[in-house]
Amino acid sequence: MKTTFYSNGKLLISGEYLVLDGANAFALPTKFGQDLIIEEGTDQKIEWKSYDYDNHLWFEDIIEFSEIINKTIPESETVKTTLINILHEAYVLNPDFINNSNGFKASTHLTFPRKWGLGTSSTLINNIAQWAKTNAYTLLNNSFGGSGYDIACAQNNTSILYQVENNTVKPVVFNPAFKENIYFVYLNKKQNSKAAIKAYYNNRNEHLTDNVAKNNKITDAILNAKTLKEFALAVEKHEIHLSNILETRTIKEIAFSDFNGVIKSLGAWGGDFVMVISKEDPKAYFTMKGYETILTYDEMILQV
């Protein structure tokens with residue numbers, strides 16, 4: 001008998017970094033995600049296989065139950081050790097999912113390229129939490145860390161406003177008339193969320209309360225924008241605000257200063273996707289610059 005679990009990918013539109021300190025984060029679940037298929041196995045072990053979007057097998061290994069229970073992890077971090085860590089924390093939260101089984105066959109399937117950064121880890125953690133009947137936010141906190149907005153996107157099929165306190169999720173309506181002017185461009189650079197979070201903590205200053213309040217005001221403006229111009233101005237204001245906090249130039253200043261439109265980093269600055277707001281179709285511009293993965297709003301964002 002097969003059991004299938006599925007989780008949505010995510011894009012953080014506003015509130016990056018500051019969400020860790022209680023700011024409102026506006027996030028969108030994507031049409032892309034990852035599933036986890038569980039079948040019965042034998043010999044007190046998990047036969048694990050992970051497939052990329054093109055059905056390419058990118059990881060395969062056998063994990064003994066004893067490795068999960070005892071968390072036998074060497075110093076070097078590998079895909080297997082990361083997986084054992086997540087499974088061990090799930091076991092700590094609910095031992096029955098291992099103790100009451102003879103073994104498993106597990107397979108994961110992404111519907112987006114791994115390097116895109118739409119939530120390879122968060123979708124896996126949410127799927128494992130569903131399988132192990134544990135709280136996904138607790139599992140995230142005990143294994144990877146982070147704000148949890150990505151878990152919220154994994155579990156929700158609508159736009160959300162997220163707060164880290166009590167993992168508060170508020171569904172919001174975001175269906176602007178100007179969504180055909182919103183694009184997402186992949187920058188061909190996988191960003192390490194852990195490193196980016198560390199950089200934020202090193203750079204955040206004593207004006208944290210004011211910065212959180214300013215973020216929330218800008219987020220409201222982004223959500224409530226009635227025209228493309230209002231939306232673009234609010235997004236640009238958000239980008240400048242984060243640039244000042246992180247003491248780093250915006251992605252537009254660094255790489256696209258001649259672009260006629262607004263470009264916003266998403267999530268971990270400097271990598272993964274950017275959101276592009278443009279009156280004209282920007283595909284020719286970005287293709288000329290060497291960036292060929294350009295998705296429209298409708299292609300990227302889950303809309304139920």
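Just above, that's the structure.
Residues numbered from 1 in each chain as written. Predicted model: local features only at pLDDT ≥ 70, side-chain atom pairs only at ≥ 80, totals over all residues. Heavy atoms only, no water.

1. Focus: the overall build of the protein
Next up, step 1: From N to C terminus, the protein includes 12 helices and 11 strands.
Next up, step 2: Taking 19 Å as the expected radius of gyration for a compact globule of 304 residues, we find that the protein reaches 20 Å, a close match to that expectation.
Next up, step 3: The principal-axis extents of the C-alpha atoms in the protein amount to approximately 60 × 40 × 35 Å.
Next up, step 4: When each of the 304 residues of the protein is scored for burial, the buried share is 54%.
Next up, step 5: Counting only contacts in the protein whose residues sit at least 6 apart along the sequence, the fraction spanning at least 24 positions is 69%.
Next up, step 6: For the protein, the exposed area adds up to about 14300 Å²; of that, 47% sits on carbon and sulfur atoms.
Next up, step 7: Taken together, the 29 basic and 35 acidic charged side chains of the protein have centroids lying 4 Å from each other. (Helix = DSSP H or I, 4+ residues; strand = E, 2+ residues; numbered from the N terminus. Rg over C-alpha atoms; globule rule 2.2 N^0.38 Å. Buried < 20%, exposed > 50% of the residue type's maximum accessible area, 1.4 Å probe, protein only. Contact = heavy atoms within 4.5 Å. Areas by Shrake-Rupley, 256 points an atom, 1.4 Å probe, with all protein chains shown as cover. Lys, Arg positive; Asp, Glu negative; His and termini not counted. Charge placed at Lys NZ, Arg CZ, Asp CG, Glu CD.)

2. Focus: the pattern of salt bridges
Next up, step 1: A complete count under the given rule lists 9 salt bridges for this structure.
Next up, step 2: The partner of Lys45 in a salt bridge is Asp43, and the shortest N-O contact between them spans 3.9 Å.
Next up, step 3: Look at Asp43 and you get exposed, because its relative accessible area is 55%.
Next up, step 4: Between Lys71 and Glu89 there is a salt bridge whose closest N-O contact spans 3.5 Å. Of the two residues, Lys71 sits in the loop between helix H1 (65–70) and helix H2 (79–93) while Glu89 sits in helix H2, which places them 18 residues apart along the sequence.
Next up, step 5: Given a relative accessible area of 32%, Lys71 falls into the partly exposed group.
Next up, step 6: Within the structure, one salt-bridge network assembled from shared partners comprises Asp61, Glu67 and Lys80. (Salt bridge = Lys/Arg side-chain N within 4 Å of Asp/Glu carboxyl O.)

3. Examining the pairing of strand E8 (residues 182–186)
Next up, step 1: Burial of E8 is extensive: 5 of the 5 residues sit out of reach of the surface.
Next up, step 2: Judged by which residues are buried, E8 turns out to be covered on both faces: Ile182, Phe184 and Tyr186 on one side and Tyr183 and Val185 on the other are all buried.
Next up, step 3: Note: E8 against strand E11 (residues 294–296), 3 bridges, orientation antiparallel. Bridge assignment links Tyr183 to a residue of E11, and that residue is Thr296. (Pairing = 2+ DSSP bridges.)

4. A short note on H2
Next up, step 1: The terminal C-alpha atoms of H2 lie 22 Å apart, and with 15 residues this matches the ideal 21 Å at 1.5 Å per residue to within 8%.
Next up, step 2: Of all 15 residues in H2, 12 are buried; the element is thus mostly enclosed.
Next up, step 3: Those residues of H2 that sit buried are Lys80, Thr81, Thr82, Leu83, Ile84, Asn85, Ile86, Leu87, His88, Glu89, Ala90 and Tyr91.
Next up, step 4: In this fold, the buried residues of H2 make contact with strand E3 (45–51), strand E4 (57–64), H1, helix H3 (96–99), helix H4 (120–132) and helix H5 (136–143). (Expected span 1.5 Å × (residues − 1).)

5. Digging into H5
Next up, step 1: The complete set of buried residues in H5 reads Ala136, Tyr137, Leu139, Leu140 and Ser143. For H5, the buried positions fall inside an angular range of 160° around the axis, keeping them on one side.
Next up, step 2: Contact partners of the buried residues in H5: H2, H4, helix H6 (149–155), strand E6 (160–163) and strand E7 (168–171).
Next up, step 3: With a side-chain oxygen lying 2.8 Å from the backbone nitrogen of Tyr137, the N-terminal cap of H5 falls on Asn135.
Next up, step 4: Once H5 ends, the next one or two residues include Gly145, with phi positive near 85°. (Arc of directions from axis to C-beta. Polar contact = N/O pair within 3.5 Å; in protein donor to acceptor, adjacent residues only side chain to side chain.)

6. Remarks on unusual backbone geometry
Next up, step 1: For Tyr17, which is not glycine, the phi torsion reads 70° and is therefore positive.
Next up, step 2: Among the secondary structure elements, Tyr17 is positioned in the loop between strand E1 (3–14) and strand E2 (25–40).
Next up, step 3: For Lys133, which is not glycine, the phi dihedral falls at a positive 55°.
Next up, step 4: Positionally, Lys133 belongs in the loop between H4 and H5.

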